[in-house]
Structures are given as C-alpha cells and as structure tokens.
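# Summary of structural features
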Amino acid sequence: MQKISYFVALILLVFSGNATVVTSHIKSVKVYTQGAEISRTARAALPAGTSEVVITGLPDQLDPGNIQVSGTGIFSILSVSHRLNHQVSAQHNQLLTQLQDSLDYYKNQLEVQQGMLKVYEEEEALLLANRSIGGSDAGVKVADLRSMADFFRSRLGEVKRLQLETRRQITQLQDRHNRVRQQLVVHSARGNQPVGELVITTQAPRPVNAVFEFSYITWQAGWQATYDVRAENTDQPIELLMKAMVQQTTGEDWTDVALSLSTGNPRANRVKPELHTWFLRFVEPVQPQVKMDNRLRFAPDMLMEMEILPFAEGLDAAQMPVFSATESQLTTEYAVNVPFTISSGQQPRMVEVERNQLQAHYRWFAAPRIDREVFLLARVTGWESLIPLPGEANLFFEGSFVGKSFIDPASVADTLELSMGVDKGVVIERNRLTDFSRKSILGRRTTETVAWEIVVRNNRNRRILLEIKDQIPVATHADMQITLEEQSGARFDSSNGMLYWNIDLGPNEIQRKIFRYSVRYPSDRIIRLE
C-alpha cells in the first residue's frame with residue numbers, strides 16, 4: 001500500500017508542474033588529459049513531502065552516465081535524471097538584450113560626438129572667414145587689433161583642441177561599438193542552444209533548506225603537457241619546467257574555480273583483459289583480386305606539403321603559482337593553490353605546473369658525412385617521476401632557443417638524451433685525401449680506393465668528450481668485396497659499416513682521424529661512391 005501511495009505521489013508531482021527551479025555554481029574542476037570532472041553546488045528550499053528540484057543552466061554536452069549527486073539536510077533523494085531544455089533560456093535572452101542595449105548606447109554616443117565634431121569644424125570655418133576687421137578706408141587701432149588677435153588665437157586654439165578630443169572619443173566609441181557588435185553576432189548565432197538540467201525528486205519529513213552537491217564528466221575539455229628544458233652552461237644542472245595547455249569548450253566560463261590537473265583518462269579501459277584459447281589453423285591460399293578502394297588517400301607529395309601548426313603558437317601564457325602534486329598508484333594530480341579562471345572556447349591557457357632541476361652529463365657528437373656541425377648532447381637521469389606525460393619540449397641553452405624535441409616517457413630508456421643544439425666552439429671538417437684515393441682495373445675486376453680525413457678542433461677552454469660517427473658502404477651483392485684498410489682506432493661494426501671514435505679533446509687541441517676503404521667489383525658494372 002505504501003508503494004502504491006508513493007507511485008501516485010510521483011505521478012501527481014510530475015503533472016503538477018510545481019517544481020523548484022534553481023541554478024548552481026562551479027565549486028571545483030579536475031581536468032584530465034581527455035575530459036574534465038566538474039563539481040557544483042546548488043541550494044533549494046524543499047517543502048514537506050515529495051517534491052521536485054530542477055537544477056538548470058548546465059552545459060548541454062555533459063555525460064549523463066557519470067552524474068553523481070549527494071545532499072546535505074534532512075531529506076532523501078528518490079531519483080535523479082538528466083534532460084535538455086530546448087527553449088531559449090532567460091539568461092541567454094537577458095545577455096542578448098544587454099548586448100543590444102550596449103550597441104544602441106554606443107551608436108547614440110557616436111552620433112552625438114560626430115555632430116559635435118561637425119559643429120567645431122563649422123566654428124573653425126566661421127572664424128577663418130571673419131579674420132579681417134575694420135574697413136578698407138578706416139584704420140584699426142592697435143588696442144583693437146591686439147584684442148582681436150588674442151580672441152582669435154584663444155578661440156581657434158580651443159576649437160582645435162575640442163576637435164582632437166572629439167576625434168579621439170569617436171575612435172574609442174567605434175572600437176567599443178565594433179566589439180559589442182561582434183559579441184552580439186556570436187551569441188545570436190548560437191540561437192536556441194539547449195540547456196542541460198538535472199531533475200531531482202526528493203522527500204522530506206518537514207520543510208528544509210537543502211544543499212545539493214553533484215559532479216559530472218564533460219568531454220569538451222582536456223590538457224596537454226609541454227616542457228621547457230633550460231641549461232645555462234655545461235657545469236650547471238638542467239632546469240625542467242613542466243607546463244600545461246588547458247582548453248575547454250563547454251559553453252560556460254570557469255571563473256575562480258579550484259582547478260586541478262590529472263594525468264588520468266576517464267575513457268581508458270578499466271576492465272581486466274582476458275586471454276582466450278588460441279586455435280591455430282592452416283590458411284588456404286587466396287587468389288588476389290583487384291578491388292576498388294573509394295576511401296580518401298593522401299598522395300606522398302600532399303603529405304609533404306601539409307603544415308603542422310604548433311599547438312602553443314600565440315598562447316596567452318599566464319604566470320601561475322606552483323601546483324601541489326599528489327601521486328597515487330596510477331595517476332598524478334596537480335592542484336593549483338589559488339582560484340583560477342579559464343574561459344570557454346578561447347585559445348588554450350598555458351599554466352606553469354612545476355619546476356625541477358636535473359643532473360646532466362654532457363657529450364659532443366658529430367656525423368660529418370651528413371652535417372659539418374658538432375652537436376651538444378645532454379644525458380639526463382632521474383627524470384622518470386618528473387615527466388608523467390608525453391609532450392613537446394622547447395630546448396634552451398645559454399639563454400637562447402636552440403630547437404624543439406619530443407619527450408615520450410613510454411619510449412625512452414633510463415637515460416634521457418636531449419640535443420642542445422650546435423656548438424660553434426667545436427669545429428669539424430671531412431676532407432677527401434686524393435693522394436690515397438684511386439681507381440685501378442685488373443682484368444675483369446675494378447678496384448676503387450677512397451680515403452677520408454676528419455679534422456676536429458676544440459676552440460673552447462675546457463676539455464670535451466666527442467663522439468664521431470662515420471661509415472663505409474655495405475655490400476649488397478656477392479660480386480662486391482669491401483675492405484676497410486685503415487680506421488685510426490675507430491670501432492667498426494661490419495654489419496652496418498659504421499665507424500665510431502670516442503675522442504678526449506683538450507682545450508684548443510686538434511686531432512685528425514683517417515679511414516680508408518676499397519671496393520672490388522666486376523668491371524662491366526657501375527657503382528657510385530663518395
């Protein structure tokens with residue numbers, strides 16, 4: 001009998017239309033790499049008995065499957081449902097009215113100022129047209145002339161000043177008028193955008209002031225990690241700055257919210273994987289058939305012409321207090337210390353997350369067959385807990401930007417190696433030794449000998465460790481015979497033809513390395529060497 005009475009009460013409530021409509025405010029936002037969890041608070045005065053509370057003004061693209069609601073007060077929550085209100089919201093109408101009123105105001109002010117400018121220009125023309133005093137036969141007294149000159153100078157100067165001030169006001173009013181008109185166009189284009197609503201059915205033994213706290217997931221937000229790697233010189237630790245590019249297009253601004261960033265992903269699969277029996281069968285050969293593929297494909301030249309725009313280009317960088325990091329078993333969460341604001345639909349906000357210092361060991365590297373430059377490499381250890389997510393890294397050395405790299409914590413080894421750019425203080429050359437390079441033919445076999453000299457000079461005032469990498473060709477046919485005749489102490493890998501030198505180079509020291517190889521092949525064949 002009680003169940004029937006409760007069911008009847010719900011039916012009467014639905015058709016009565018006496019629901020309490022309230023709004024809510026954002027309490028906190030936890031932004032994931034994909035998505036965000038938004039926590040809100042709403043208050044409502046509940047009557048005794050069964051009643052319905054509608055929390056309106058929510059984004060229309062929240063995930064209904066992740067809504068969680070709790071309440072504070074002497075009442076029970078019977079049911080929670082989500083719906084979309086497709087009627088034009090009063091708040092949207094009010095905003096359009098305010099924008100239109102502002103547009104009319106600036107338009108009227110423009111007309112007034114333009115009219116005043118016209119008056120000042122007419123007054124200037126009147127003054128200039130009546131500069132002559134007295135008649136053609138009568139003279140002018142000196143006192144009258146002085147008085148007229150003072151008046152003319154004073155009034156004309158005042159008119160000129162008023163014209164300049166009026167033109168300045170007209171420029172400001174036109175700028176404000178254009179901005180308001182653009183905002184009106186944007187908000188008018190949204191039209192009857194639906195509004196999300198939560199419908200909460202409650203039951204209270206007596207009237208009570210209820211507090212509702214609820215959260216939901218929206219997929220119109222996320223953040224991406226980027227890094228700045230700075231090294232002042234090779235004697236000091238590397239500074240690692242982790243930044244976050246946060247963007248949200250939920251349709252509402254997050255104003256002065258408690259913001260936190262999580263490395264988790266709510267969309268990730270949380271179900272334990274299961275392995276099933278793998279039955280191995282013979283595969284019958286299938287005759288290949290020509291089949292038309294209507295899917296769009298990019299030609300190689302099209303791919304070469306595509307431009308990848310940097311995500312951080314033109315960002316509004318904001319200096320942020322340091323985040324406090326909390327690490328769990330699976331994720332890391334960074335909570336900002338002060339309320340923060342992120343507008344909807346704008347460019348991503350770049351915020352500083354944390355700064356750390358890392359020890360680095362430097363070495364120099366050169367591959368002169370490809371590039372006649374010497375590169376400075378930093379080998380960083382102890383980075384694992386400081387780089388939780390993959391991201392683009394901006395590299396700075398001695399106060400200058402040297403390039404970009406990409407750090408993926410899932411693909412690098414224990415030591416992170418970063419290229420800090422070209423070191424102009426170390427010079428390398430690769431010259432062909434013509435006296436030792438020759439070509440000879442004996443019978444049906446041709447032998448070509450090639451010799452190279454690598455010269456490296458350290459112009460710095462400190463000792464460096466330099467790795468040089470070069471190569472000789474590797475045979476692809478049985479009729480080719482390739483012999484390394486001289487290698488100047490290089491480590492040689494015959495599987496790929498690579499030569500490696502590790503050189504301890506003192507200040508202002510010059511070292512030379514020579515390698516020579518020969519290739520023997522049939523005289524009726526053609527090969528191309530360096």
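This section reports on the structure supplied with the text. (Residues numbered from 1 in each chain as written. Predicted model: local features only at pLDDT ≥ 70, side-chain atom pairs only at ≥ 80, totals over all residues. Heavy atoms only, no water.)

### Notes on the nonpolar core
Within the largest apolar cluster, 84 residues are counted, with the highest numbers of intra-cluster contacts made by Val29, Val31, Ile55, Phe212, Trp223 and Trp254. A total of 6 residues in this core trace back to one element, the largest contributor, which is strand E9 (residues 221–231). Counting 9 residues, the second largest nonpolar core, distinct from the first, contains Tyr106, Leu110, Ile170 and Leu173. (Core = buried A, V, L, I, M, F, W, Y, C linked by side-chain atoms within 4.5 Å. Buried < 20%, exposed > 50% of the residue type's maximum accessible area, 1.4 Å probe, protein only. Helix = DSSP H or I, 4+ residues; strand = E, 2+ residues; numbered from the N terminus.)

### Notes on a nonpolar patch on the surface
A cluster of nonpolar side chains, namely Val112, Met116 and Val119, defines an oily patch on the protein surface of about 230 Å² accessible area. Mapped onto the elements of the fold, valine 119 is located in helix H2 (residues 90–129). Using a relative accessible area of 44% as the deciding quantity, one classes valine 119 as partly exposed. (Patch = residues over 30% accessible without salt bridge, like charges linked within 9 Å, V, L, I, M, F, W, Y side chains within 5 Å. Areas by Shrake-Rupley, 256 points an atom, 1.4 Å probe, with all protein chains shown as cover. Salt bridge = Lys/Arg side-chain N within 4 Å of Asp/Glu carboxyl O.)

### Comments concerning the sheet that holds strand E4 (residues 49–58)
Judged by pairing direction, the sheet is mixed, and its 4 strands sit side by side in the order E1-E4-E7-E6 without closing on themselves. Each edge of the open sheet is held by one strand with a lone partner, namely strand E1 (20–22) and strand E6 (76–85). Averaged over all pairs of adjacent strands, the angle between strand axes in this sheet comes to 20 degrees, irrespective of strand direction. By the bridge criterion, 8 bridges tie E4 to strand E7 (residues 195–204) in an arrangement that is antiparallel. Directly across from threonine 50, in E7, lies its bridge partner glutamine 203. (Pairing = 2+ DSSP bridges. Axes fitted to C-alpha atoms, helices over the stretch in contact; angles between N-to-C directions.)

### Digging into the environment of glutamate 530
Here glutamate 530 is to be found in the segment after strand E29 (510–522). Taking the C-alpha atoms as reference points, glutamate 530 and arginine 369, separated by 161 residues in sequence, lie 9.8 Å from one another. Apart from residues lying up to four places away in sequence, glutamate 530 is in contact with Arg369, Arg430, Arg432, Trp452 and Tyr517. (Contact = heavy atoms within 4.5 Å.)

### Observations concerning the packing of aromatic side chains
This model, assessed by the stated rule, comprises 5 aromatic pairs. Pairing phenylalanine 214 with tyrosine 216 gives two aromatic rings, centres 6.4 Å apart and planes at 25 degrees, and the pair type is stacked. Residue classification places phenylalanine 214 among the buried residues on the basis of a relative accessible area of 2%. Tyrosine 216 sits in the buried class, given a relative accessible area of 1%. Sitting above the plane of the phenylalanine 396 ring, arginine 230 keeps its charged end 3.9 Å from the centroid. Above the ring of tyrosine 500, the side-chain terminus of arginine 491 is found at 4.2 Å from the ring centroid. (Phe/Tyr/Trp six-rings, centres within 6.5 Å; stacked < 30°, edge-to-face > 60°. Lys NZ or Arg CZ within 6 Å of the ring centre and 35° of its normal.)

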